[in-house]
Amino acid sequence: MNRIIQSILFSALILLFFPQPGLAQPSKADGRLEGQIVCCEDCWNKADRQKVPYGSPEDLAQSTKCVANGDPTLLAVMVSHGSTKFYQLEDGKFKRPEPNWLSYVGSRVEITGPVRVRKKQNFVKVDDLKVLSRPTEPPLPDVIGKEAELVLKDLFGAEQKLSSYRGRIVVLNFWATWCGPCKKEMPDLAVIQNSYAAYGVQVIGASADTLAELNAVRQSIKDTSINFPVWLGVTTEQMTSFGLGPGLPGTAIIGRDGKIVAIFRSVVTQEEIKKHLDKLVAMGEREAEREQIAMAKSKSKSEASSVPS
């Protein structure tokens, strides 16, 4: 019996001090790691990161594909002799605004949270995240005064075009069901729709969600009392054509002539939208008044010429 007890104790000591491959080691106490968030090891290893910094427009464009393919997002920490140690990001107390880490890819960050090792892979649970710097982003195009077009599907799968609203003022809001700040805008946009519909203003919601997320979109419409059309499947490339970055939310105001009047690259308020709408509505009223005067003069001349001398 004593030999059996000794054998069990010996085996336990072996497992304690020499963890077997494939078994998760206990998480270490909370610590701080500083590094750069990357989409995958392959993209990081495409270049010598001591000479070629990660975070070019090409890197960020590729990261969208990597994240969409399900590649785990990593924290790359430069260690001695130029080598890199990777930590796979795990959800912790930190609440990110999106269902993935895409908006942080390329950023240099400080992460606080416990670290563990499993199958020779390092993991860090993100309890806190501070952005130290963001990658240099390419300048967005100057789109003010340019004609805009957008073609998406509505909730029933029918194709909708922005150009079909020519002659009306459009408030085009880019959003998604998983975007917290987007939901905060919805009450203000609903008020705009109610207040300015009589003046020929139409609010449209262009969602990054697709038809596959239709149930989530419908639930969000119900929860936020959306009272305007919602289109699905907008892409970052389409947002760029409106002078907006990949981040959500974003809003563009399009005049009656189909040209972009103003853009907002973050959360927008009623007051900010109203400033532009009031100007556009006033311009439309002045144009309508001038047209009425011109028509009255033309009618007067026509009647005068028809009177026999």
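Analysis parameters
- Residues numbered from 1 in each chain as written.
- Predicted model: local features only at pLDDT ≥ 70, side-chain atom pairs only at ≥ 80, totals over all residues.
- Heavy atoms only, no water.
- Disulfide = S-S within 2.5 Å.
- Buried < 20%, exposed > 50% of the residue type's maximum accessible area, 1.4 Å probe, protein only.
- pLDDT = per-residue confidence, 0-100.
- Helix = DSSP H or I, 4+ residues; strand = E, 2+ residues; numbered from the N terminus.
- Contact = heavy atoms within 4.5 Å.
- Expected span 1.5 Å × (residues − 1).

(A) Fine view of the state of the cysteines. This structure, assessed with the given rule, holds one disulfide. One disulfide in the model links Cys 179 with Cys 182; its S-S distance is 2.3 Å. On the sign convention where negative means left-handed, the S-S torsion of about 80 degrees between Cys 179 and Cys 182 marks this disulfide as right-handed. Accessibility assignment for this pair places Cys 179 and Cys 182 in one class, buried. There is no disulfide at Cys 39, and the cysteine sulfur nearest it, in Cys 43, is 3.6 Å away. Free of any disulfide, Cys 43 has its nearest cysteine sulfur in Cys 40, 3.4 Å distant.

(B) Structural context of the confidence of the model for the chain. Averaged over every residue, the pLDDT of the chain is 84; residues scoring 70 or more account for 81%. Per-element confidence in the chain ranges from a low mean pLDDT of 48 for helix H1 (residues 2–17) to a high of 98 for strand S12 (residues 230–232).

(C) Inspection of the side chain of Thr 177 at higher detail. For Thr 177, the position within the fold is in the loop between strand S10 (169–175) and helix H4 (180–196). Contact partners of Thr 177, with chain neighbours within four places excluded, come to Lys 183, Asp 209, Ala 216, Val 217 and Ser 220.

(D) Fine view of helix H3 (residues 57–68). Between its first and last C-alpha atoms H3 spans 17 Å; for twelve residues at 1.5 Å apiece the expected length is 16 Å, and the two agree. Those residues of H3 that are buried lie in contact with helix H2 (41–44). Where H3 ends, the next residue or the one after it, Gly 70, has phi of about 90 degrees, a positive value.

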